[in-house]
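What follows is the residue order along each chain.
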Amino acid sequence: MTVESVKPATPGTSGTPELREPPLAGGGVPVLGHGLKLVRDPLAFMSGLREHGDVVRLRLGPKTVYAVTTPELTGALALSPDFKIDGPLWESLEGLLGKEGVATANGPRHRRQRRTIQPAFRLDALPAYGPVMEEEAHALTGRWKPGETVDCTSESFRVAVRIAARCLLRGDYMDERAERLSIDLATVFRGMYRRMVIPLGPLYRLPFPANREFNRALADLHLLVDEIVAERRASGQKPDDLLTALLEAKDDNGDPIGEQEIHDQVVAILTPGSETVASTIMWLLQILAAHPEHAEKVRTEVESVTGGRPVGFEHVRALTHTNNVVVEAMRLRPAVWILTRRAVTDTALGGYRIPAGADIVYSPYAIQRDGRSYARHLDFDPDRWLPERAKDVPKYAMSPFSVGNRKCPSDHFSMTQLSLITAAISAKYRFEQVDGSDDSTRVGITLRPHNLLLRAMPW
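Residues numbered from 1 in each chain as written. Predicted model: local features only at pLDDT ≥ 70, side-chain atom pairs only at ≥ 80, totals over all residues. Heavy atoms only, no water.

Trainee: Help me understand the pattern of salt bridges, please; the structure alone is not making it clear to me.
Mentor: Pairing of side chains with opposite charge becomes possible as their charged atoms draw close. Overall, the coordinates contain 36 salt bridges when judged by the stated rule. Across the pair Asp86 and Lys84 runs a salt bridge whose closest N-O atoms are separated by 3.5 Å. Of the charged contacts in the structure, one is a salt bridge between Glu259 and Arg233, with a shortest N-O distance of 2.9 Å. Highlighted residues: Glu259 in helix α11 (residues 259-290) and Arg233 in helix α9 (residues 209-235), separated in sequence by 26 residues. In this structure, a network of salt bridges that share partners links the residues Lys63, Lys84, Asp86, Arg342 and Asp359. (Salt bridge = Lys/Arg side-chain N within 4 Å of Asp/Glu carboxyl O. Helix = DSSP H or I, 4+ residues; strand = E, 2+ residues; numbered from the N terminus.)

See below:
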């Protein structure tokens, strides 16, 4: 399927296919539309939309939103210049990410910002981060005592934030900041999700407890970023890192970029990246506990590759099963489960009419769990990513880092740390859930377990 531009020609002209209106999904209610379903059981709702068509209309309050449900069309959507980063998700994130960072910018600004940050994530830059990733992965397992209960939320955030800060911002940031970030992000992302699916505007400015909690957490996140930038400037140091690149970056006129853009860029580096990596680590821990056979297979592979030495950066590429465990975890439990775009012109997707200004939504969670794309689609099966089987997966049915010019620049950086952390913890411990643990899915802007508590048991 392709993306076709809609010409202002007379409908029905010879050779011009008739464009259809996408079907309306069932289950909407007055005033809230489908927003209530997206609050009550969003994953099931998004996963069921393909039964209604390749493109489906939804009502979110007074707005009409178009949901894309197939791998082919999500790929076309991501690659087409007829759509830009915008829509309900990005509007809900604006209070966190701002309007001037690489995550939310479009057009020339986005291209300039990508050029500034991309060198930090090139493949040839990764070996310099290896010692930090190794140190933090082994420090994580070193903090755990055999038989003790591990709070997977705080531990996952701590290692994700420390790796990002030490590698990209060269900051010696203490665990207290990681804890602040973890707590604040949980509150902010939960509140932003509510604002996306139930757009009640002025009601969110009223002094209700949930609104006050949201505003406090958001303000603290921005304060944390300001502290990081101020500390670097006060130090007078200019290490070869991403923060120095941002502080010395120029705009399209050759002038230094503004303070707001620097702030928004640091937010984009620290917050969404830490949230998604930490959420994935939580799911990997849950999977290692739920599938001890794969935990044992990872442990055996690590021992074979390292010869019994501590696993390091240089071993990651040889850890085939470990890497496949990470990929399969991201397929079944993607941190980023919903994305939006906005049409910049009258256009079409798969023969359906999409008007200029329309918001488009799609769910990597639904796409990556679709039985039309995967045999035994709900099974945890890392071997499906072996070369002889991976070739059968439809194109765009697995794009955890997106595609096109919005592809996550830190994809290799993220995969490397996730594989290294998985290998380090599996080499030392197996895991059991304990009383009080809740591994059900908490839905916000991202997906993570509600309250995963595991007992770390030595092999």
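Trainee: I tried to follow the sheet that holds strand β6 (residues 339-343) on my own but got confused; where do I start?
Mentor: Picture the strands of a sheet paired through backbone hydrogen bonds; they go either parallel or antiparallel. Spatial strand order, β2-β3-β9-β6-β4: five strands in an open sheet with mixed pairing. Every other strand in the sheet has two partners, leaving β2 (55-60) and β4 (83-85) as the edge strands with one partner each. When the angles between neighbouring strand axes are averaged without regard to direction, this sheet yields 35 degrees. Looking at chain direction, strand β3 (residues 63-68) and strand β9 (residues 359-362) are connected through three bridges and run parallel. (Pairing = 2+ DSSP bridges. Axes fitted to C-alpha atoms, helices over the stretch in contact; angles between N-to-C directions.)

Trainee: In this structure, what is going on with the pairing of strand β12 (residues 447-451)? I would like to understand it.
Mentor: Taken residue by residue, a regular strand's side chains alternate between the two faces of the sheet. Bridge count between strand β11 (residues 438-443) and β12: four bridges; the pairing is antiparallel. In the strand pairing of β12, Thr441 is matched with Pro449. Once β11 ends, the chain turns through three residues before running back antiparallel as β12.

Trainee: Which parts of the structure should I look at to understand the packing of helix α13 (residues 320-332) against helix α16 (residues 411-428)?
Mentor: For any two helices packed against each other, the geometry comes down to the angle between their axes and how far apart the axes lie. At their nearest, the axes of α13 and α16 sit 9 Å apart, and the two run at 115 degrees to each other. Classified by the angle between their axes, α13 and α16 sit roughly perpendicular to one another. Between α13 and α16 lies a crossing of right-handed hand. Contacts from Thr322, Asn323, Val326, Val327 and Met330 of α13 reach α16 at Met415, Leu418, Ser419, Thr422 and Ala423. Looking at side-chain class alone, the contact of α13 with α16 contains six nonpolar, four polar and no charged residues. (Parallel < 35°, antiparallel > 145°, perpendicular 65-115°, else oblique. Left-handed = near helix turned anticlockwise from the far one by under 90°. Contact = heavy atoms within 4.5 Å. Nonpolar A, V, L, I, M, F, W, Y, C, P; charged D, E, K, R; others polar.)

Trainee: Could you clarify how one ought to interpret a nonpolar patch on the surface in this entry?
Mentor: Together, Leu200, Leu203, Leu206 and Phe208 give the surface a local cluster of nonpolar side chains, amounting to about 340 Å² of exposed area. One can find Phe208 in the loop between α8 (175-197) and α9. According to the relative accessible area criterion, Phe208 is partly exposed, its value standing at 46%. (Patch = residues over 30% accessible without salt bridge, like charges linked within 9 Å, V, L, I, M, F, W, Y side chains within 5 Å. Areas by Shrake-Rupley, 256 points an atom, 1.4 Å probe, with all protein chains shown as cover. Buried < 20%, exposed > 50% of the residue type's maximum accessible area, 1.4 Å probe, protein only.)

Trainee: Looking at this structure, I do not really get the environment of Ala295. What am I missing?
Mentor: Position of Ala295 among the secondary structure elements: in helix α12 (residues 292-306). Residue classification places Ala295 among the buried residues on the basis of a relative accessible area of 3%. It is 45 Å that separates the C-alpha atoms of Ala295 and Thr64, two residues lying 231 residues apart in sequence. Not counting chain neighbours up to four residues away, the residues in contact with Ala295 comprise Leu288, Ser426 and Trp459.

Trainee: What am I meant to see in α11 here?
Mentor: Every α-helix carries 3.6 residues per turn, so stepping three or four residues along brings you back to the same face. Over its 32 residues, α11 runs 46 Å from end to end, which matches the ideal 46 Å to within 8%, given 1.5 Å per residue. Along α11, the sharpest kink reaches roughly 25 degrees, centred on Ser274. (Expected span 1.5 Å × (residues − 1). Bend = angle between axes of the 7 residues up to and from the residue.)

Trainee: Help me understand the state of the cysteines, please; the structure alone is not making it clear to me.
Mentor: Each disulfide is one covalent bond, formed between the sulfur atoms of two cysteines. Counted under the stated rule, the structure contains zero disulfides. Here Cys167 is not cross-linked by a disulfide; its sulfur's nearest cysteine counterpart is in Cys408, at 15 Å. Residue classification places Cys167 among the buried residues on the basis of a relative accessible area of 1%. (Disulfide = S-S within 2.5 Å.)

Trainee: Is there a simple way to explain the environment of Phe214 in this structure?
Mentor: When you line up the elements, Phe214 lands in helix α9. Here the alpha-carbon distance between Phe214 and Met192, two residues 22 residues apart in the chain, equals 8.7 Å. Once residues lying within four places of it in the same chain are set aside, the contact partners of Phe214 are Thr187, Val188, Gly191, Met192 and Arg195.

Trainee: Just to check I follow, could you spell out helix α3 (residues 71-79) for this structure?
Mentor: The buried fraction of α3 amounts to seven of the nine residues, a majority that puts the element mostly inside the structure. Listed as buried for α3 are Pro71, Leu73, Thr74, Gly75, Ala76, Leu77 and Ala78.

Trainee: Just to check I follow, could you spell out the sheet that holds strand β13 (residues 453-458) for this structure?
Mentor: Taking strand neighbours across the sheet as the criterion, the three strands line up as β5-β13-β10 in an open arrangement whose pairing is antiparallel. With one partner strand each, in any of the chains shown, β5 (149-151) and β10 (429-433) form the two edges of the open sheet. Neighbour-to-neighbour, the strand axes of the sheet open up by a mean angle of 40 degrees, direction not taken into account. In this structure, β5 lies alongside β13, joined through three bridges in antiparallel fashion. Note that in β13 the partner of Thr149 across the bridge is Arg455. Packed on one face of the sheet, α11 meets β10 and β13 and runs near 90 degrees to β10.

Trainee: Just checking my understanding: could you explain the packing of aromatic side chains for this structure?
Mentor: Aromatic rings considered in pairs are described by the distance between their centres and by the relative angle of their planes. Evaluation of the coordinates by the stated rule reveals six aromatic pairs. With a centroid separation of 5.4 Å and an interplanar angle of 85 degrees, the aromatic rings of Tyr129 and Phe413 are classed as edge-to-face. Within this pair, whereas Tyr129 is found in helix α6 (residues 126-143), its partner Phe413 is found in helix α16, the two being separated by 284 residues in sequence. The class of Phe413 is buried, set by a relative accessible area of 3%. Each ring, one from Tyr429 and one from Phe431, has its centre 6.4 Å from the other, and the planes form 50 degrees; the classification is tilted. A relative accessible area of 3% places Tyr429 in the buried class. Here the aromatic residues Phe121, Tyr129 and Phe413 are joined through ring pairs into a cluster of three or more. One Lys or Arg, Arg20, reaches over the ring of Tyr352 and ends 4.2 Å from the middle of that ring. Directly above the aromatic system of Trp283 lies the positively charged group of Arg333, at a separation of 4.5 Å from the ring centroid. (Phe/Tyr/Trp six-rings, centres within 6.5 Å; stacked < 30°, edge-to-face > 60°. Lys NZ or Arg CZ within 6 Å of the ring centre and 35° of its normal.)

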